[in-house]
Amino acid sequence: MQSKTSSFNRGMWIQSMRNVGWIGALYTLVLLFIVPLQIILRYTGEVNNDGMYTEKLKTLFEVAGSLQFLFMFTVPVVLAIFLFRYIQTKSAADYIHSLPISRGVLFWQNVLLGILSLILPVIISAIVLFLIKDSVNVDDLYTLKLILRWAIDTIILNIFVFSGAVFAGMFTGMSILQGAFIYILFILPAALIQFFIMNIKFYWYGFATAYYSGKNVQDLVPFVRIIDLLDNGKESYLNLVIYAIVACVLCFIAFIAYRKRSIEIATHAIAFKWLKPIFIYGLTTCSLLLWGMYFGEMKDSFKWLIFGYVFGSLLGYILGHMILAKTWRVFNKWKGYILFIAVAIILGVGLKVDVFGYSSYLPNQENIQSVYFDEDDYSLTDNPKSHDPENGDYYKPPYYYSDKNTVNFIRALHKQIIKDHPDVSKKDIQSGDAREITFAYNLKNGKKVVRQYAIREADYKAFYKQIIETSEYKKHSYYILEPDNKNMRYVKEVQIDAMYKRSEPITIKDPNKIEDLKESIRKSIQNQTYGDSKSHQQSWSSINFMDENGQIVDSIPFEKSYKEVEKWLKHEKMFEDARVMPEDVSNVVVLKNKDHEILQSAWINNPSILTKRKGALTIKDSNQINYFLSHTTIQEQGDYIVVFRYKNSSPEVQMFDANMIPTELKEKLK
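Residues numbered from 1 in each chain as written. Predicted model: local features only at pLDDT ≥ 70, side-chain atom pairs only at ≥ 80, totals over all residues. Heavy atoms only, no water.

Turning our attention to the pattern of salt bridges. Inspection of every chain in the model, using the stated rule, returns 13 salt bridges. For Arg435, the salt bridge is made with Glu375, and the minimal N-O distance between the two is 2.5 Å. Taken together, the residues span a long stretch of sequence, with Arg435 in strand 3 (residues 435-443) and Glu375 in the loop between strand 1 (368-374) and helix 17 (378-381) at a distance of 60 residues. Here Glu572 and Lys513 are joined by a salt bridge, their closest N and O atoms 3.4 Å apart. Placement of the pair is Glu572 in the loop between helix 24 (563-571) and helix 25 (575-578) and Lys513 in helix 22 (residues 511-527), with a sequence separation of 59 residues. (Salt bridge = Lys/Arg side-chain N within 4 Å of Asp/Glu carboxyl O. Helix = DSSP H or I, 4+ residues; strand = E, 2+ residues; numbered from the N terminus.)

For the rest of this paragraph, the subject is the nonpolar core. Counting 84 residues, the largest nonpolar core has Ile39, Phe84, Phe107, Leu129, Tyr142, Trp150 and Met170 as its most contacted members. For this core, the leading source of residues is helix 8 (residues 144-169), giving 15 residues. (Core = buried A, V, L, I, M, F, W, Y, C linked by side-chain atoms within 4.5 Å. Buried < 20%, exposed > 50% of the residue type's maximum accessible area, 1.4 Å probe, protein only.)

On to the packing of aromatic side chains, then. The relation between two aromatic rings is expressed through the spacing of the ring centres and the mutual angle of the planes. In total, this model carries 46 aromatic pairs according to the counting rule given. Taking the centre distance of 4.9 Å and the plane angle of 75° together, the rings of Tyr211 and Tyr212 count as edge-to-face. Here Tyr211 falls in the buried class, since its relative accessible area comes to 18%. Taken together, a centroid distance of 5.7 Å and an interplanar angle of 80° make the contact between Trp291 and Tyr294 edge-to-face. With Trp291 and Tyr294 both in helix 14 (residues 275-299) and three residues apart, this pair spans about one turn of that helix. Using a relative accessible area of 40% as the deciding quantity, one classes Tyr294 as partly exposed. (Phe/Tyr/Trp six-rings, centres within 6.5 Å; stacked < 30°, edge-to-face > 60°.)

Taken N-terminus to C-terminus, the directions of helix 9 (residues 175-200) and helix 14 make an angle of 45°; their axes are 10 Å apart at the nearest point. Considering the angle they form, helix 9 stands oblique to helix 14. Considering how the two elements wind past one another, helix 9 and helix 14 form a crossing that is left-handed. Across from Phe181, Leu188, Leu192, Phe195, Phe196, Met198 and Asn199 in helix 9, the residues of helix 14 making contact are Phe279, Cys286, Leu289, Leu290, Gly292, Met293 and Glu297. Its residues placed into classes, the contact of helix 9 with helix 14 shows eleven nonpolar, two polar and one charged. (Axes fitted to C-alpha atoms, helices over the stretch in contact; angles between N-to-C directions. Parallel < 35°, antiparallel > 145°, perpendicular 65-115°, else oblique. Left-handed = near helix turned anticlockwise from the far one by under 90°. Contact = heavy atoms within 4.5 Å. Nonpolar A, V, L, I, M, F, W, Y, C, P; charged D, E, K, R; others polar.)

These figures come from the coordinates and say nothing about function on their own.
Right under this line is the structure:
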């Protein structure tokens, strides 16, 4: 008799079935509604003239994917809470554990029932998907392999979330906390790393916050990673095996915890005494980092960072004790907080002093293999697999400069920034007065050093001039011109679209002419000076490199300094169509900007506000109009206001500096 009850208990199995059977039944109906039924409603009849679907599904998660993910991350949690609800209430815990059933049988029976409740709805839905595949004319929309893959993915990930919820339930005596802990458990590792990264930048000058808090941190959150991978149909079998192994480990740890927890712990927040200080100080640490990050970011100030630490740590510490004691009268627990603050101050001072020399570190020239240098740091963490070139989403790998001169100039700029330690605020970046810049060194020993700063480029013109005028920098400034650029194989035509011209863009499909144009662009870039690249002159037009589907692979502005491009267009008799000509302009109105007003959108909508001002000079001479067209700018403030009235486009208002206005006109504009 004893042996029989220790392996399986039919009575408990039936009782548990009554408690959670409705969840499995409801989940079955939900899955049938959001997958097979949605396929019937959305796709039946949506075929081309050949009776075939123009677009096949890559994965069945494309069908109401957001709803599938929502139920994948909620149904297993609800199921785990109801299955083990009896250990969270005193009366039920006393009754169930007084029965002649071992804890092992109770635990594994419930786990088995939970897994079956998650598997059967998926199997039923998969069978229905198979049956409707031929019967409602969606046979070429998806394959049997897709059904199997969808079923396997859903089952394993459901079990993964369920095992996490069971695991969380064994360490608390409250059902509501069981639900909260499972989500915290999955999010906490990434959140802690993110909080730490966002705080460390206030201590170490040059810390590359955006680089370290990129997609790699998000991948630590199972919810984000699963949704991302399943949505793209790129979930690997290895990942599924890892999720299955983790699920098994969580279940066995939960089983051990279940055997050791006392019955009296029901309704307590934390089930084990040794876990309470971890809970309190963990919550205090998270709150400290979170609020420090919040106030530090909002006010961009170290003083506000400290205020956030004090506020956050107090809030987290008090909240932790309140949850454990289930009362607000916890203010006599101040000794533990003092100890926490003492440790936090020691760690904070250690970081601020920078005992590791992080802020002043600069790799030696002889140790550098190559260096990345750009404003954008996104390409350093961008994943090539997340791009789809066939749909116009092209991957651009980061470029690392390796020429000795270029590396020397970049390193010299980095060295000067470390020496100057410029004080740049968020407002400076938002206003455009300053910019972020990223250095990423590949060292010969295989290590990587990444630093990020905010600087005013105007303070480092001499350094930028050296870098920008190097042959290597120019060669790789325009990605599409790189000789080994793999995306170039997709380019089938080039379109030159001139601004303020209402004519169709110039289209070039001849491969030889495309190559000639590219060569002229390459030469123009090589001849460009630092002054040319930093001028406020507006480009003539946009040169777009297109694939066979009309998607832009890359785009290059036709700058006014591109004399070789201009020469080639004239040779091909395309120049007059590639830029706005004096014949496209009715007249130009010039007036002095006496109050140095900023460019306003109201002027563009109603240029008569400007042209009717006293002293405004109207120009109709084609040579003078051509002069102004050749010097158009994109600056928002200047000594003179120039209104271009186009024949086939809306008026354009621009700002000119005094040195750009011909002397004879200045006399008339006084």
